[in-house]
Amino acid sequence: MPSICNAFTVQVYTPNMSPSEQYTWFITGTSRGIGLELTKQLLQSPHTVVVAACRNPGKADSLQSLTTSAGGRLYIVRLDVTDTQTIKDAAQETAKIVGEKGIDYLINNAGIGIGDTAFTMDIDDLTKTLQTNLVGPAYTSQAFISLVEKSKKKTIVNISSTLGSIGRDFGPQYASYAVTKASLNMLTYKQAKERPDLTVLSICPGHLQTDMGGENAALPVSVGVAGVLKVVTSLTPKDSGSFMNFRGERVPW
Ligand SMILES: NC(=O)c1ccc[n+]([C@@H]2O[C@H](COP(=O)([O-])OP(=O)(O)OC[C@H]3O[C@@H](n4cnc5c(N)ncnc54)[C@H](OP(=O)(O)O)[C@@H]3O)[C@@H](O)[C@H]2O)c1
């Protein structure tokens, strides 16, 4: 993926909450990359409970290794965003874990991306990318809505990409990925318009050094994730339905 971010001052995520407030997070795609780093940074706060979803918990060694230091605040559940039954099952399991607290922050993070162009793209790849990056988050938000409604923060975050911005004009590359992220942004807008009682955001985490971003990406994953957490925990209802980056700046649609 191309570099899409300028140099960014390293910042450390510090939770924006009083010690008595304990918020619950549900994150998809936590086996590696951004989802794993979100889980790690959130668990640094003693007031956070994370339900971390991944498609194969038995093989998610890095995630499993966090359980020892998490002091009972990390729960790992199975969820494949392309399999609606696993999403329903994960929602039921999460309801038992969090009880009346619900889910304060639902983070639709799991995603895939390939480099292709509009006239050369493999239609099966487009379908799979759409299923993972759009249909998965849409269904996960539906399946978890009753848990989000119960919570204090009532926030849904769709992890998007500036590559899905028409306004930023990245040319013909990454066509199927860009189409799915532009669709995800419209989902964010529609979710926010339908439910003014929720806070719904699309956010680009920056071009980060993960398996997807590549080792030559602009920034370490820790920097982009710290930025995402700072932005997300500082949101106000007026931000709902917008597209931001990890620096808290608006990104054009
Ligand atoms: N890295 C960047 O530069 C960048 C920039 C902008 C936006 N993003 C977005 O950030 C999100 C995370 O990206 P990343 O860089 O962390 O990617 P990554 O390193 O490739 O990790 C992707 C994560 O998504 C999971 N995943 C993929 N398909 C899944 C499915 N069907 N069900 C459940 N989980 C699935 C993977 O699980 P497995 O281990 O099971 O495959 C993995 O945990 C994506 O939405 C991506 O589009 C990334």
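Residues numbered from 1 in each chain as written. Predicted model: local features only at pLDDT ≥ 70, side-chain atom pairs only at ≥ 80, totals over all residues. Heavy atoms only, no water.

Visitor: Whenever I open this one, the packing of aromatic side chains confuses me. Can you help?
Guide: Each aromatic ring pair is described using two quantities: the centre-to-centre distance and the angle formed by the ring planes. What the rule picks out here adds up to four aromatic pairs. Their ring planes at 90 degrees and their centres at 6.2 Å tell us that Tyr23 and Tyr105 sit as a pair that is edge-to-face. Remark: Tyr105 occurs in strand E4 (residues 105-108) and Tyr23 occurs in strand E1 (residues 23-27); sequence separation between them is 82 residues. Across this residue pair, the class does not change: Tyr23 and Tyr105 are buried. Each ring, one from Trp25 and one from Tyr105, has its centre 4.0 Å from the other, and the planes form 20 degrees; the classification is stacked. In this pair, Trp25 is assigned in strand E1 and Tyr105 in strand E4, connecting sequence segments 80 residues apart. The buried category is assigned to Tyr105, whose relative accessible area is 3%. Three or more aromatic residues joined by ring pairs form one cluster here, namely Tyr23, Trp25 and Tyr105. (Phe/Tyr/Trp six-rings, centres within 6.5 Å; stacked < 30°, edge-to-face > 60°. Helix = DSSP H or I, 4+ residues; strand = E, 2+ residues; numbered from the N terminus. Buried < 20%, exposed > 50% of the residue type's maximum accessible area, 1.4 Å probe, protein only.)

Visitor: So what exactly am I meant to see when it comes to the site of the ligand here?
Guide: Neighbouring the ligand are 28 residues; Ser31, Arg32, Asn109, Tyr177 and Thr210 lie closest to it. In this structure, Gly29 approaches the ligand through a main-chain N or O atom, which is 3.2 Å from an oxygen atom. Here the ligand, which alone exposes 900 Å², has 93% of that area covered by the protein. When atoms are counted within 2 Å of each cavity's grid points, the one that captures over half of the ligand is the largest pocket. Elements with a minimum of two residues in the shell around the ligand: helix H1 (33-43) and helix H6 (175-194). When grouped by side-chain class, the residues that make up the shell around the ligand number ten nonpolar, 13 polar and five charged. (Near = heavy atom within 4 Å. Polar contact = N/O pair within 3.5 Å; in protein donor to acceptor, adjacent residues only side chain to side chain. Areas by Shrake-Rupley, 256 points an atom, 1.4 Å probe, with all protein chains shown as cover. 1 Å grid on protein atoms, 1.4 Å probe; cavity = no way out; pocket = protein on both sides within 12 Å on 5 of 7 lines; lining within 4 Å. Sits in = over half its atoms within 2 Å of the grid points. Nonpolar A, V, L, I, M, F, W, Y, C, P; charged D, E, K, R; others polar.)

Visitor: I tried to follow helix H4 (residues 84-98) on my own but got confused; where do I start?
Guide: Within an α-helix, residues lying three or four positions from one another point in the same direction, as the helix has 3.6 residues per turn. Here H4 spans 21 Å end to end across 15 residues, near enough to the 21 Å set by a 1.5 Å rise per residue. The complete set of buried residues in H4 reads Thr86, Ile87, Ala90, Ala91, Thr94 and Val98. Relative to the axis of H4, the buried residues are bounded by an arc of 140 degrees and lie together on one face. Away from the buried face of H4 by more than 90 degrees, exposed residues Gln92 and Lys96 are located. Close packing links the buried residues of H4 with E1, strand E2 (48-54), strand E3 (74-78) and helix H5 (123-150). Two to three positions downstream of the cap, the backbone nitrogen of Gln85 sits 3.1 Å from a side-chain oxygen, assigning the N-cap of H4 to Asp83. (Expected span 1.5 Å × (residues − 1). Arc of directions from axis to C-beta. Contact = heavy atoms within 4.5 Å.)

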